[in-house]
Amino acid sequence: MRVREWDDIMEDVVDKNVDPEGWRAVAGDRDGGVGEDLYLGHPSGGVFHLKTYAKNPFDVRGVGARVARNLDDEIGSYLPEESETGRFAVQSPPDDEDEAKEQVTHLEEVIKAHQDAPTTPGDLFDDVMEAIDSPAFGPMEYDQYDRPDELEDLSTTFEEAEDLLETEFEELVDDDGVGRAFQ
């Protein structure tokens, strides 16, 4: 396992050549201290663990690692199959102006189709993500004030990775001086 910057891990997720709808996630407060924990998983894309915090509103910092090569039944049981309350998506910008115009046209068609037909919020979300060519999206269990039980279970399952990432993350937080007051 190799610990890297969180945005390098997200590039790996974006670059995976897997079904974009197959991703699932669970996230919440980090166990003690500033920041959040996030696990992203895909049956053939693997499982990734990220620890991040917002140094300020414009600068997210963190570390992450790939903790499993694939998502088996045991690990998959901790990630939501469907969620009425939470969804997530990863977006990468269009390559050029022509691709951006194509995506906008397709997005307009999707919105018009959903406007005229009975649909669910989940269906609209899925169709919009496909229209803008999102490389990863799906259900997410998220608690911004606490830790979902599934997040705790994953931390226990990947205990060695958790310890290593926690050490690297604490160094990053200390180096950034997050705990210091203004002088």
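Residues numbered from 1 in each chain as written. Predicted model: local features only at pLDDT ≥ 70, side-chain atom pairs only at ≥ 80, totals over all residues. Heavy atoms only, no water.

(A) Looking closely at the overall build of the protein chain. In terms of regular secondary structure, the protein chain is built from six helices and seven strands. Along its sequence from the N terminus, the protein chain presents helices and strands in the succession β-α-β-β-β-β-α-β-α-α-β-α-α. Against the 2.2 N^0.38 benchmark of 16 Å for 183 residues, the protein chain shows a C-alpha radius of gyration of 18 Å, consistent with a compact globule. Counting only C-alpha atoms and orienting by the principal axes, one finds that the protein chain spans roughly 55 × 45 × 30 Å. Going through the 183 residues of the protein chain one by one, you find that 40% of them count as buried. Counting only contacts in the protein chain whose residues sit at least 6 apart along the sequence, the fraction spanning at least 24 positions is 67%. Approximately 10,900 Å² of the protein chain is accessible, and the part contributed by carbon and sulfur atoms is 46%. Charged side chains in the protein chain number 15 positive and 51 negative. The centres of these two groups are separated by 5 Å. (Helix = DSSP H or I, 4+ residues; strand = E, 2+ residues; numbered from the N terminus. Rg over C-alpha atoms; globule rule 2.2 N^0.38 Å. Buried < 20%, exposed > 50% of the residue type's maximum accessible area, 1.4 Å probe, protein only. Contact = heavy atoms within 4.5 Å. Areas by Shrake-Rupley, 256 points an atom, 1.4 Å probe, with all protein chains shown as cover. Lys, Arg positive; Asp, Glu negative; His and termini not counted. Charge placed at Lys NZ, Arg CZ, Asp CG, Glu CD.)

(B) A look at the side chain of Glu162. Counting through the fold element by element, Glu162 comes out in helix 6 (residues 159–176). The contacts of Glu162, once residues within four sequence positions are left out, are Asp37, Tyr39, His49, Lys51 and Ser155.

(C) View of the pattern of salt bridges. Per the counting criterion, the structure on display carries 14 salt bridges. In this structure, the salt-bridge partner of Arg147 is Glu152, at a minimum N-O distance of 2.8 Å. Shared partners join several salt bridges into a network, and the residues in it are Arg30, Asp37, Lys51, Arg147, Glu152, Glu162, Glu166 and Glu170. (Salt bridge = Lys/Arg side-chain N within 4 Å of Asp/Glu carboxyl O.)

(D) Seen up close, the environment of Val13. With respect to the helices and strands, the residue Val13 is situated in helix 1 (residues 6–15). Note: C-alpha distance between Val13 and Trp23 (10 residues apart in sequence) is 9.5 Å. Here Val13 is in contact with Trp23, Leu40, Phe48 and Ala136, once residues within four sequence places are set aside.

(E) Fine view of the environment of Gly62. Among the secondary structure elements, Gly62 is positioned in strand 5 (residues 59–68). Taking C-alpha positions, Gly62 is 5.1 Å from Trp6, a pair spaced 56 residues apart along the chain. If we ignore the near neighbours within four places in the chain, the residues touching Gly62 are Arg4, Glu5, Trp6, Lys51, Thr52, Phe169 and Leu172.

(F) Broad picture of the nonpolar core. Counting residues in hydrophobic clusters, the biggest one holds 14 residues, and the most contacted among them are Val13, Trp23, Leu40, Phe48, Leu50 and Phe88. Those elements that place two or more of their residues in this core are helix 1, strand 2 (24–29), strand 4 (46–56), strand 6 (87–90) and strand 7 (136–143). Looking at which element gives the most residues to this core, the answer is helix 1, with three residues. Membership of the second largest hydrophobic core comes to 13 residues, among which are Tyr39, Val47, Val67 and Leu154. (Core = buried A, V, L, I, M, F, W, Y, C linked by side-chain atoms within 4.5 Å.)

(G) Highlighting the confidence of the model for the protein chain. Predicted confidence across the protein chain gives a mean pLDDT of 90, with 96% of residues reaching 70 or more. Ranking the elements of the protein chain by mean pLDDT puts helix 2 (residues 73–76) last with 89 and strand 1 (residues 4–5) first with 96. (pLDDT = per-residue confidence, 0-100.)

(H) Highlighting the packing of helix 3 (residues 97–116) against helix 4 (residues 121–131). Following both chains from N to C, one finds helix 3 and helix 4 inclined at 165°, their axes separated by 9 Å at the closest point. Considering the angle they form, helix 3 stands roughly antiparallel to helix 4. Judged by the twist between their axes, the crossing of helix 3 over helix 4 is right-handed. From helix 3, Gln103, His106, Leu107, Val110, Ile111 and His114 reach across to helix 4, where they touch Asp123, Leu124, Asp127, Val128 and Ala131. Classifying every residue of the contact of helix 3 with helix 4 by side-chain character gives six nonpolar, three polar and two charged. (Axes fitted to C-alpha atoms, helices over the stretch in contact; angles between N-to-C directions. Parallel < 35°, antiparallel > 145°, perpendicular 65-115°, else oblique. Left-handed = near helix turned anticlockwise from the far one by under 90°. Nonpolar A, V, L, I, M, F, W, Y, C, P; charged D, E, K, R; others polar.)

(I) Quick peek at helix 5 (residues 149–157). Buried within helix 5 we find Leu151, Leu154 and Ser155. Within helix 5, the buried residues cover an arc of 100° as seen down the axis, which keeps them to one side. Along helix 5, the residues that are exposed and aim more than 90 degrees away from the buried face are Asp149 and Thr156. Against strand 2, strand 3 (36–42), helix 2 and helix 6 lie the buried residues of helix 5. (Arc of directions from axis to C-beta.)

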